[in-house]
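Commentary on secondary and tertiary structure
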2 protein chains.
Amino acid sequence: MLKVYGDIQSGNCYKVKLLLSFLDIEHEWLHVNILDGESQTHEFLKKNPNGKIPTVEFTDGRFLSESNAILTYFAEDTHYSSSDKFGRAKIAQWLFFEQYSHEPCIAVARFIQFYLGMPIERKAEYEALQISGNKALALINDQLSVTPYLVGEQISIADIALYAYTHVAHQGGFELALYPSIEAWCLRIKTSPGYIAMA
Amino acid sequence: MLKVYGDIQSGNCYKVKLLLSFLDIEHEWLHVNILDGESQTHEFLKKNPNGKIPTVEFTDGRFLSESNAILTYFAEDTHYSSSDKFGRAKIAQWLFFEQYSHEPCIAVARFIQFYLGMPIERKAEYEALQISGNKALALINDQLSVTPYLVGEQISIADIALYAYTHVAHQGGFELALYPSIEAWCLRIKTSPGYIAMA
């Protein structure tokens, strides 16, 4: 059976869980505790030399890592991708935006506040992340005030990827009430058939 | 004609130029000076609300941003992608690795040293980037000691994306001589038909 190495509280891992649930793909979930160093063991580094989760192991023993590459793989030829070349490119645009301009702000602010309990030596970094994180949220909100999902009328892996850390952004100090189009979009995703919660 | 807004000295922009050159796709290059704020003007933000280069404008007036999404778009159904689903996923894995674990180290160290002239207040950050950047280079070198290109026997957009900042990593203080498989790979890319230099 397909194996997924991850931690469901990590947005990067949860997004994989959410897509597999939407697609009803059977898998075994193997919990990896990064705070205990479980992603840095010799054994784990054979699965992913970069020492990161999520990592998936296919039944033939091959591995794939990078959450958004995993989403792209499983979404191919499903309605979580697009049948149109430009549509696929816009989905990819949002996926790269997520990893470069969104996750490093929202997820890291959440990590500092929610996991580390806001240590004083990371307070300045946390404050800076509020600015860049709110910029990312505003960009998402602007798009969602025009279209119901990030790339048009249909949910896609762009939405799943951005939803993962956005819907728990309050745990990183972000006020989602400032972004009404994001709140409405979160509700649309939460009420989609096959939805599974992070917790 | 296809328009590309970018700065050829930026690896993220250069990688687009390199792929378009390899594929012999005619385009107009419009220089954007980010240090002069040209990516933050009202006019530019209409093209890419995230205010980043590269951004491409198609002849029908549609826009696409995020360098690796642009690469993915133009590589589709060419031999710079893969005809195999798992091959495409591994290419995507390297593209996301590049934006999350490579570019934020190598490109930022280069920016601090090469563009800003190593201001004292960014020295600590620069030193930290040497550690994470060398980790990224070691991972690339390990793969290239097994296969001639990052995903198997053929050059792909994974190589083009990683090559862009790797081949100028010395401008960020990295010693490429420590990574012989990277040096051999750089030479293979530089001597590929259609290659165009950054400068």
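Scroll up to find the structure this text is about.
Here the structure is a predicted model, which means the values were calculated and not measured.

1. Digging into the relation of the copies chain A and chain B
Relative to chain B, chain A is turned by 180° and slid 0.0 Å along the rotation axis, the superposed coordinates differing by an RMSD of 0.0 Å. The transformation relating the two chain copies, once decomposed into turn and shift, fits a two-fold axis. Distance from the rotation axis, computed per C-alpha, reaches its smallest value in chain A at Tyr-100 of chain A: 3.2 Å. In this assembly, 100% of the residues forming the interface of chain A have copies in chain B that are likewise at the interface, indicating an isologous arrangement.

2. Focus: the environment of Ile-70 of chain B
Residue and element names in this part refer to chain B. Take Ile-70: it is sitting in helix H3 (residues 67-75). For the pair formed by Ile-70 and Lys-52, sequence separation is 18 residues and the distance between their alpha carbons is 13 Å. Excluding anything up to four places from it in sequence, Ile-70 contacts Val-16, Pro-54, Thr-55, Val-56, Leu-64 and Ser-65.

3. Points about the layout of surface pockets
Roughly 1,400 Å³ of internal volume is contained in the largest pocket. Lining of the largest pocket is provided by 46 residues; of these, Tyr-100 of chain A together with Glu-103, Pro-104, Ala-107 and Val-108 of chain B occupy positions nearest its centre. Of all the secondary-structure elements, those providing two or more residues to the lining of the largest pocket are helix H4 (85-115) of chain A together with helix H4 (85-115) and helix H5 (123-144) of chain B. Counting residues per element, the lining of the largest pocket draws most heavily on H4 of chain B, which supplies twelve residues. In terms of residue class, the lining of the largest pocket is built from 20 nonpolar, 16 polar and ten charged. Taken as a whole, the second largest pocket encloses approximately 960 Å³ of empty space.

4. Describing the sheet that holds strand E4 (residues 63-65) of chain A
Residues and elements named next belong to chain A. Taking strand neighbours across the sheet as the criterion, the four strands line up as E2-E1-E3-E4 in an open arrangement whose pairing is mixed. In this open sheet, the two edge strands, each paired with only one partner strand, are strand E2 (28-31) and E4. If you compare each strand with its neighbour and ignore which way they point, the axes differ by 20° on average. Note that strand E1 (residues 3-6) and strand E3 (residues 55-57) share three bridges and pair antiparallel. Bridge pairing links Lys-3 to Glu-57 in E3.

5. Points about helix H7 (residues 180-190) of chain B
Residues and elements named next belong to chain B. Every buried residue belonging to H7 is among Ser-181, Ile-182, Trp-185, Cys-186 and Ile-189, and all of these are buried. Summarising the axial view, the buried residues of H7 lie within an arc of 140°, below the 170-degree limit, and thus occupy one face. In H7, the exposed positions angled more than 90 degrees off the buried face are occupied by Pro-180 and Leu-187.

6. Quick notes on a nonpolar patch on the surface
Residues and elements named next belong to chain A. On the surface, a cluster of nonpolar side chains totalling about 450 Å² of accessible area is made up of Ile-34, Leu-35, Phe-114, Tyr-115 and Leu-116. Positionally, Leu-35 belongs in the loop between E2 and helix H2 (42-47). Judged by relative accessible area, which is 54%, Leu-35 ranks as exposed.

7. Some points on the interface of chain A and chain B
Facing the 30 residues of chain A at the interface are 30 residues of chain B. The junction of chain A with chain B conceals about 3,100 Å² of combined surface from both sides, 61% of it contributed by carbon and sulfur atoms. Contact with chain B buries surface across chain A, with Phe-86, Phe-96 and Tyr-100 of chain A losing the most and accounting together for 25% of the total. Summed over the shared surface of chain A and chain B, the number is two salt bridges. Residue Glu-76 of chain B pairs with Arg-88 of chain A through a salt bridge whose shortest N-O separation is 2.5 Å. Counting every contact that joins chain A to chain B gives 14 residue pairs in polar contact (both at pLDDT 80 or more). Looking at the side of chain A that touches chain B, the elements that each hand over two or more residues are E4, helix H3 (67-75), H4 and helix H5 (123-144) of chain A. Looking at which element gives the most residues to the side of chain A that touches chain B, the answer is H4 of chain A, with 15 residues. The class makeup of the residues in the side of chain A that touches chain B is 15 nonpolar, six polar and nine charged.

8. Quick look at the pattern of salt bridges
The tally for this structure, following the rule as stated, stands at twelve salt bridges over all chains. Among the salt bridges present, the one from Glu-127 of chain A reaches Lys-123 of chain A, with a minimum N-O distance of 2.7 Å. With Glu-127 of chain A and Lys-123 of chain A both in helix H5 and four residues apart, this pair spans about one turn of that helix. A salt bridge links Lys-46 of chain B to Glu-43 of chain B; the nearest nitrogen and oxygen atoms lie 3.5 Å apart. Linking Lys-46 of chain B with Glu-43 of chain B, this pair stays in helix H2 (residues 42-47), spanning three residues, or about one helical turn. Among the residues examined, Glu-43 of chain B registers a relative accessible area of 45% and is labelled partly exposed.

9. Describing helix H6 (residues 157-166) of chain A
Residues and elements named next belong to chain A. Extensive coverage of H6 is indicated by the burial of ten of its ten residues. Among all positions in H6, only Ile-157, Ala-158, Asp-159, Ile-160, Ala-161, Leu-162, Tyr-163, Ala-164, Tyr-165 and Thr-166 are buried. The inward-facing, buried residues of H6 abut helix H1 (11-22), H3, H4, H5 and helix H7 (180-190). For H6, the N-terminal capping position is held by Ser-156, with its side-chain oxygen 3.1 Å away from the main-chain nitrogen of Ala-158.

10. Examining the environment of Leu-64 of chain A
Position of Leu-64 of chain A relative to the elements: it lies in strand E4. The sequence separation of Leu-64 of chain A and Lys-47 of chain A amounts to 17 residues, and the corresponding C-alpha distance is 8.5 Å. Among all residues touching Leu-64 of chain A, those that are not within four sequence positions of it are Thr-55, Val-56, Phe-58, Ala-69, Ile-70 and Tyr-73 of chain A together with Phe-86, Ala-89, Lys-90 and Gln-93 of chain B.

Here is what the cut-offs are and how they apply
- Residues numbered from 1 in each chain as written.
- Chains lettered and ligands numbered in written order.
- Predicted model: local features only at pLDDT ≥ 70, side-chain atom pairs only at ≥ 80, totals over all residues.
- Heavy atoms only, no water.
- Least-squares fit on C-alpha atoms with pLDDT ≥ 70 in both.
- Contact = heavy atoms within 4.5 Å.
- Helix = DSSP H or I, 4+ residues; strand = E, 2+ residues; numbered from the N terminus.
- 1 Å grid on protein atoms, 1.4 Å probe; cavity = no way out; pocket = protein on both sides within 12 Å on 5 of 7 lines; lining within 4 Å.
- Points joined across faces, edges and corners; volume = space filled by probe spheres on them.
- Nonpolar A, V, L, I, M, F, W, Y, C, P; charged D, E, K, R; others polar.
- Pairing = 2+ DSSP bridges.
- Axes fitted to C-alpha atoms, helices over the stretch in contact; angles between N-to-C directions.
- Buried < 20%, exposed > 50% of the residue type's maximum accessible area, 1.4 Å probe, protein only.
- Arc of directions from axis to C-beta.
- Patch = residues over 30% accessible without salt bridge, like charges linked within 9 Å, V, L, I, M, F, W, Y side chains within 5 Å.
- Areas by Shrake-Rupley, 256 points an atom, 1.4 Å probe, with all protein chains shown as cover.
- Salt bridge = Lys/Arg side-chain N within 4 Å of Asp/Glu carboxyl O.
- Buried area = accessible area lost by both parts, 1.4 Å probe.
- Polar contact = N/O pair within 3.5 Å; in protein donor to acceptor, adjacent residues only side chain to side chain.

None of this, on its own, says anything about what the molecule does.
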